[in-house]
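Spelled out, the chains give:
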Amino acid sequence: METIEELKVHYNWTEEDEENLRKVSWIGEKYKEEFVEEFYRYLGNFPDASKYLSSEEVRDRHKEKIKRWFVSLFTSKYDAQYLKGLYRVGEVHFKIGLPLHYVQASMNFVRSYLMNIINKEMGTSAETNRILISINKALDISLDVMINSFREEELRLYHTMGRYQKILIENVKRISWFFDFFIVFTLAVVGVFLIVWIIYEIWLILTGVLPLERGGLSVLGSILILYAISELLSEEIKHIKGSALSLKIFVGVALAAAIRKVLILSLEGSGAYNPLPCDFSLGGSILAHIQS
């Protein structure tokens, strides 16, 4: 990991930047309470934020730490001690399993919040621009250190594993990739078959082979299953790209299947659900097996 001196060189950090932050250090004290409230409202954008802030006690401790960090952004000496503190923050985030994306997105919120506050308090001027440049540098340094601490913890965890553990993990990753590919391929193939089947059912209705009542509900049921397959396929692609699986998609699939079942039962109860003519009995039995 880079030293604080190296980071200062990389981000062109100077004594003037520290002086610029000290000029607006009163903002940290004045707005720390408001900042925490706004920040927690922003955290509501993350659907699983409550997973990491599980109790009132945890949230209270977290709010106090956020306040201290917000004030220290303007008042701290940007030295090795400050770097060490940021590194510990990154370590804690890694240990609780917080996605790195959350840290990066949150820093963007902080940047926007401070730009609005500085412009509100100081207006537009050359000095305001210099202060904003220094604030952006400070935020970039903080984000850099926290990201690097994430990566170093990941590497440390990986290197502490034994040889056979590493081999097992690599092989499991390859197998998982094969499973994902097979699922995507299978869902795509089944989706194409269902599209063909829906067109086939519509043709049967138009030619009078299927009664309109039965055919219309059958097509609707097929479309519901196609919708479920489409959602599963989309979710699996997102998963391959690195996104977490959403429980909502499974609820949607279950709902589609339940509606399809209700349609079939309503047809059976009215006597309108009869097997297709013998010419189509194989296709009908296959579709009934897939959809029910």
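Residues numbered from 1 in each chain as written. Predicted model: local features only at pLDDT ≥ 70, side-chain atom pairs only at ≥ 80, totals over all residues. Heavy atoms only, no water.

Q: Mind showing me how you'd approach the overall build of the protein chain here?
A: On a plain count of helices and strands, the protein chain comes out with twelve helices and zero strands. Each helix (α) and strand (β) of the protein chain, taken in turn from the N terminus, gives the series α-α-α-α-α-α-α-α-α-α-α-α. For the protein chain, the proportion of its 292 residues judged to be buried stands at 35%. Carbon and sulfur atoms make up 63% of the accessible area of the protein chain, which amounts to about 17,800 Å² in all. (Helix = DSSP H or I, 4+ residues; strand = E, 2+ residues; numbered from the N terminus. Buried < 20%, exposed > 50% of the residue type's maximum accessible area, 1.4 Å probe, protein only. Areas by Shrake-Rupley, 256 points an atom, 1.4 Å probe, with all protein chains shown as cover.)

Q: Could you clarify how one ought to interpret the environment of M115 in this entry?
A: Looking at where M115 falls in the secondary structure, it is placed in helix α7 (residues 100-122). The class for M115 is partly exposed, based on a relative accessible area of 35%. Sequence separation between M115 and I135 is 20 residues; the distance between their C-alpha atoms is 8.8 Å.

Q: Can you help me understand the pattern of salt bridges in this one?
A: Should their charged atoms come close, side chains of opposite charge can pair. Under the counting rule described, the total for this entry stands at 13 salt bridges. Here E18 ties to R22 by a salt bridge, and the two come within 3.8 Å at their closest N and O atoms. Residue E18 and its partner R22 are located together in helix α2 (residues 15-23), separated by four residues, close to a single helical turn. Via salt bridges that share partners, K8, E18, E19 and R22 belong to a single interconnected network. (Salt bridge = Lys/Arg side-chain N within 4 Å of Asp/Glu carboxyl O.)

Q: When you look at unusual backbone geometry in this model, what are you seeing that I'm missing?
A: The general pattern is negative phi for most residues beyond glycine and trans for most peptide bonds. Positioned with a positive phi, N12 is a non-glycine residue whose angle comes to about 55°. With respect to the helices and strands, N12 occurs in the loop between α1 (4-10) and α2. Given a relative accessible area of 52%, N12 falls into the exposed group.

Q: I tried to follow the side chain of K67 on my own but got confused; where do I start?
A: Here K67 shows up in helix α5 (residues 56-75). A relative accessible area of 14% places K67 in the buried class. Beyond its immediate chain neighbours, meaning those up to four positions away, K67 contacts K32, E33 and V36. (Contact = heavy atoms within 4.5 Å.)

Q: Would you take a moment to explain α7 for this structure?
A: Counting along an α-helix, one turn takes 3.6 residues, and residues three or four places apart therefore face a common direction. Compared with an ideal rise of 1.5 Å per residue, which puts 23 residues at 33 Å, α7 spans 33 Å between its outermost C-alpha atoms and is within 8% of the ideal. Along α7, the residues classified as buried are Y102, V103, A105, S106, M107, F109, V110, R111, Y113, L114, I117 and I118. Positive phi shows up at G123, right after α7, with a value of about 70°. (Expected span 1.5 Å × (residues − 1).)

Q: Got a minute to help me understand the nonpolar core in this structure?
A: Residues F35, W69, L73, F74 and L114 are the most contacted members of the largest nonpolar core, which totals 48 residues. Secondary structure elements with two or more residues in this core: α1, α3 (25-43), α4 (49-52), α5, α6 (80-95), α7 and α8 (126-159). Filtering out sequence-adjacent residues up to four positions away, L73 remains in contact with L21, Y78, Y82, L114, A138, L139 and S142. I198, L204, I205 and V219 belong to the second-largest nonpolar core, a separate cluster that totals five residues. (Core = buried A, V, L, I, M, F, W, Y, C linked by side-chain atoms within 4.5 Å.)

Q: Hey, could you run me through a nonpolar patch on the surface in this one?
A: Taken together, I175, W177, F178, F179, F181, F182, I183 and F185 make up a surface patch of nonpolar side chains, about 900 Å² in accessible area. One can find F185 in helix α9 (residues 163-206). (Patch = residues over 30% accessible without salt bridge, like charges linked within 9 Å, V, L, I, M, F, W, Y side chains within 5 Å.)

Q: Sorry, what's going on with the packing of aromatic side chains here?
A: Any aromatic ring pair is given by two values, namely how distant the centres are and how the planes are angled relative to each other. Taken as a whole and judged by the stated rule, the model has 16 aromatic pairs. Between F46 and Y102 the ring centres are 4.3 Å apart and the planes differ by 25°, which places this aromatic pair in the stacked class. With F46 in the loop between α3 and α4 and Y102 in helix α7, the pair connects residues that are 56 residues apart, well separated along the chain. Note on Y102: relative accessible area 13%, which makes it buried. Relative to F74, the ring of F70 lies with its centre 5.8 Å away and its plane at 85°, an arrangement referred to as edge-to-face. Separated by four residues within a single helix, F70 and F74 lie in helix α5, roughly one turn from each other. A single burial state applies to F70 and to F74, both of which are buried. Three or more aromatic residues joined by ring pairs make a cluster, and in this case those are F35, F39, Y42, F46, F70, F74, Y102, F109 and Y113. In this structure, K63 is placed above the aromatic ring of Y40, and the distance from its NZ or CZ to the ring centre is 4.9 Å. (Phe/Tyr/Trp six-rings, centres within 6.5 Å; stacked < 30°, edge-to-face > 60°. Lys NZ or Arg CZ within 6 Å of the ring centre and 35° of its normal.)

Q: For this particular structure, what's the right way to read the packing of α3 against α7?
A: Any two packed helices are characterised by how steeply their axes cross, that is the angle between the axes, and by the distance between the axes. Between α3 and α7, whose axes approach to 11 Å, the crossing angle comes to 135°. Taken together, the axes of α3 and α7 are oblique relative to one another. Considering the relative orientation of α3 and α7, their crossing is right-handed. Contact residues: α3 offers W26, I27, K30, Y31, E34, F35, E38, F39, Y42 and L43, while α7 offers A105, S106, F109, V110, Y113, I117, I118, K120 and E121. In terms of residue class, the contact of α3 with α7 is made up of 13 nonpolar, one polar and five charged. (Axes fitted to C-alpha atoms, helices over the stretch in contact; angles between N-to-C directions. Parallel < 35°, antiparallel > 145°, perpendicular 65-115°, else oblique. Left-handed = near helix turned anticlockwise from the far one by under 90°. Nonpolar A, V, L, I, M, F, W, Y, C, P; charged D, E, K, R; others polar.)

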